[in-house]
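Listed below are the residues making up each chain.
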Amino acid sequence: NKNERYWIQLIALFSGMRLGEIVALKPNDFKVQDGINYLTISEAKTEAGVRKLPVHPKLIEARLMVYIDGIDPDKLLFSNTSSDAFGKHFARQLDSIGITDKKLVFHSFRHTFTDALRAAKVTEPIIKSLIGHSDGSVTSQYGSGYPLEVLYGDLKRINYHGVILP
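Residues numbered from 1 in each chain as written. Predicted model: local features only at pLDDT ≥ 70, side-chain atom pairs only at ≥ 80, totals over all residues. Heavy atoms only, no water.

Draft legend 1. Representation of the environment of L39. Within the secondary structure layout, L39 lies in strand β2 (residues 36-41). We classify L39 as buried; its relative accessible area is 4%. Along the primary structure L39 and N28 are separated by 11 residues, whereas in three dimensions their C-alpha atoms are 8.6 Å apart. Dropping the residues within four chain positions of it, L39 is found in contact with M17, L25, D29, F30, R51, K52, L53 and V55. (Helix = DSSP H or I, 4+ residues; strand = E, 2+ residues; numbered from the N terminus. Buried < 20%, exposed > 50% of the residue type's maximum accessible area, 1.4 Å probe, protein only. Contact = heavy atoms within 4.5 Å.)

Draft legend 2. A look at a nonpolar patch on the surface. A surface patch of nonpolar side chains, amounting to about 260 Å² of accessible area, comprises I97, I99 and L104. Mapped onto the secondary structure, I99 falls in the loop between α5 (83-96) and α6 (108-119). (Patch = residues over 30% accessible without salt bridge, like charges linked within 9 Å, V, L, I, M, F, W, Y side chains within 5 Å. Areas by Shrake-Rupley, 256 points an atom, 1.4 Å probe, with all protein chains shown as cover. Salt bridge = Lys/Arg side-chain N within 4 Å of Asp/Glu carboxyl O.)

Draft legend 3. Region of interest: helix α7 (residues 124-131). Regarding α7, the residues found buried are I126, I127, L130 and I131. One side of α7 holds all its buried residues, which, seen down the axis, span an arc of 125°. Among the structural elements, α1 (4-15), β3 (51-54), α6 and α8 (148-155) are those in contact with the buried residues of α7. Directly beyond the C-terminal end of α7, a positive phi value near 85° is found at G132. (Arc of directions from axis to C-beta.)

Draft legend 4. Fine view of the packing of aromatic side chains. Scanning the model with the defined rule gives eight aromatic pairs in all. Ring geometry for Y6 versus W7: centroids 4.9 Å apart, planes at 85°, classification edge-to-face. Note on accessibility: Y6 and W7 belong to one class, buried. These aromatic residues form a ring-pair network of at least three members: Y6, W7, Y67 and F78. (Phe/Tyr/Trp six-rings, centres within 6.5 Å; stacked < 30°, edge-to-face > 60°.)

Draft legend 5. Main features of α8. All of the buried residues in α8 are L148, L151, Y152, D154 and L155. Down the axis of α8, the sector holding all buried residues measures 165°, keeping them to one side.

Draft legend 6. Quick peek at unusual backbone geometry. Within the chain, R63 stands out as a residue other than glycine whose phi angle is a positive 80°. Tracing the backbone through its elements, the reader meets R63 in the loop between α3 (57-61) and α4 (64-69). Its identity is not glycine, yet K121 carries a phi of approximately 65°, on the positive side. We classify K121 as exposed; its relative accessible area is 68%.

Structure follows, in structure tokens:
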């Protein structure tokens, strides 16, 4: 069942986005540049969180762009939920399948995503750029960040063995 709940979790798994960033997405946030699908995060927890983020090819294969095409471009992509409501739903979902560790929450997707990037030998500065963290160096304040094709090249190296998408 490819509804909001399905897509919110998949986007988190393959982007490392915060729940609040995901539920604030609109179809207009998705764009294409030089053949690369990406999204713009314009509202974020931190200044470094405002970024361009390539869309992982697995999300394209799962037909995320088809889902998005059916929604009014100016409306919220996930208009039937909020970050608070979805966070509670996710906690109940974990409980229902016997996962009761209180450390495992929706935010754990960010940790999983970061671990997957490290396992793919992506460099720390690229990881920080993808997840919306500043590296705190003076050098990082210069320029406009990494080119989209560099971010995409590293992002697509993520592979979750055993995760099979329809």
